[in-house]
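# Observations on the model geometry
Each chain, written out:
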Amino acid sequence: MNRSFFRQDTVQLAQKLLGCLLVHRTTEGAAGGMIVETEAYVGAVDKACHAYRNRSERTEIMFHDGGVAYVYLIYGMHCCFNVVTGPEGEGNAVLIRALEPVFGMDLMCRRRGTDRIENLCSGPGKLCQALDITRKEYGLDLYDENGPLFLTPFRHFADKQIVSSRRINVDYAEEAAAWPWRFYIKDNMYVSKK
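This is a predicted model, so every value here is computed, not measured. (Residues numbered from 1 in each chain as written. Predicted model: local features only at pLDDT ≥ 70, side-chain atom pairs only at ≥ 80, totals over all residues. Heavy atoms only, no water.)

## Topic: the overall build of the chain
Note the following rule: Numbering of helices and strands runs from the N terminus, with a helix taken as a DSSP run of H or I at least four residues long and a strand as a DSSP run of E at least two residues long. Type-normalised accessible area, obtained with a 1.4 Å probe on protein chains alone, sets the label of each residue: buried when under 20%, exposed when over 50%, and partly exposed for intermediate values. Per-residue accessibility takes into account occlusion by the displayed protein chains alone, with areas from the Shrake-Rupley method and a 1.4 Å probe. Charged-residue counts in this description rest on Lys and Arg as positive and Asp and Glu as negative, His and the chain ends being excluded. In this description, the location of a charge corresponds to atom NZ of lysine, CZ of arginine, CG of aspartate or CD of glutamate.
Along the backbone of the chain there are 3 helices and 8 strands. Written out in order from the N terminus, the α and β elements of the chain read α-β-β-β-β-β-α-α-β-β-β. Projecting the C-alpha coordinates of the chain onto the three principal axes gives extents of approximately 40 × 35 × 30 Å. For the chain, buried positions account for 54% of its 194 residues. Counting only carbon and sulfur atoms, one obtains 49% of the accessible surface of the chain, whose full area is about 9200 Å². For the chain, the separation between the mean place of its 24 positive charges and that of its 24 negative charges on side chains is 4 Å.

So this is what it looks like as structure tokens:
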């Protein structure tokens, strides 16, 4: 992967990220999982997007060139990891909603306080806790496999294996709430339940 990969159309990229491996190396060790669920957010038109009419200290990284991490806190306790997409100035990102654990399971289990593999990364807050992704990773490049946090190709899924639906918990976004910009792998046990 290189930076140009992340400059693609955000909705298309949300589908292309399915099957990619997300890896985080920390002092505790490395852990990684295959992306099985995503949601696209397009700043210019999308009332569910943090960058819609809102360029702030929190969202500034979303307006950078694609291929960097946007990490934010929800409910005052859970981090969510996003991939900034598109060219500089647009304010787009893809939320990574779920991973299928691939390696570093013992480390992820310890961080999550569970030995249920299917529950390690089945939600955006869970996967950040399992991989120890925090706001410290805000702005990191995601295309450098020598870096601490990166994405790399792993597995390809045919179009018929990819399901699209409405995004989750964006009912406030008026017409944008109905847009089918959530993508996930059909019948995958790691896809988030809500």
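Moving on from the coordinates now.
## A closer look at helix α3 (residues 124–131)
Worth spelling out the cut-off: Two residues form a contact once any of their heavy atoms are found within 4.5 Å.
In terms of burial, α3 is a largely internal element, 6 of the 8 residues being buried. Those residues of α3 that fall on the buried side of the exposure criterion are P124, G125, L127, C128, A130 and L131. Against β1 (21–26), β2 (29–42), β4 (78–85), β5 (92–103) and α2 (105–112) lie the buried residues of α3.

## Section: the layout of surface pockets
Rolled over the atoms, a probe with the dimensions of a water molecule shows which regions are left empty. Which entries qualify depends on this criterion: Space inside and on the surface of the protein is sampled on a 1 Å grid over the protein atoms alone, with a cavity defined as a set of points where a 1.4 Å probe fits but cannot get out and a pocket as an open set with protein on both sides within 12 Å along at least 5 of 7 lines; lining residues have an atom within 4 Å of a point. Grid points are joined across faces, edges and corners, and a volume is the space filled by probe spheres set on the points. Polarity classes work like this: nonpolar for Ala, Val, Leu, Ile, Met, Phe, Trp, Tyr, Cys and Pro, charged for Asp, Glu, Lys and Arg, and polar for all others, with Gly in that last group.
Its boundaries defined by the atoms lining it, the largest pocket holds a volume of some 700 Å³. Of all the elements in the fold, those that place two or more residues in the lining of the largest pocket are β2, β3 (69–74), β4, β5 and α3. Here the lining of the largest pocket takes 4 residues from α3, the largest share from any one element. Looking at the lining of the largest pocket residue by residue, the class counts come to 15 nonpolar, 9 polar and 7 charged.

## Description of the environment of L95
Structurally, the position occupied by L95 is in strand β5. Under the relative-accessibility criterion, L95 is labelled buried at 5%. The contact partners of L95, leaving out residues within four places of it in the chain, are E37, T38, E39, Y41, Y72, C80, F81, N82 and P124.

## Observations concerning the packing of α2 against α3
Basically, it comes down to this: An axis is simply a line fitted to the C-alpha atoms; with a helix, the fit covers only the stretch in contact. Between two such axes, the angle follows the N-to-C directions and lies from 0 to 180 degrees. Crossing handedness: left-handed means the near helix sits turned counterclockwise from the far one by under a right angle, and right-handed means the same turn made clockwise.
Relative to each other, α2 and α3 sit at 115°, their axes nearing to 7 Å. The element α2 and its partner α3 pack so that their crossing is right-handed. Contact with α2, carried on its side by M108, R111 and R112, involves K126, Q129, A130 and L131 of α3 and no other residues of that element. Of the residues belonging to the contact of α2 with α3, the class tally is 3 nonpolar, 1 polar and 3 charged.

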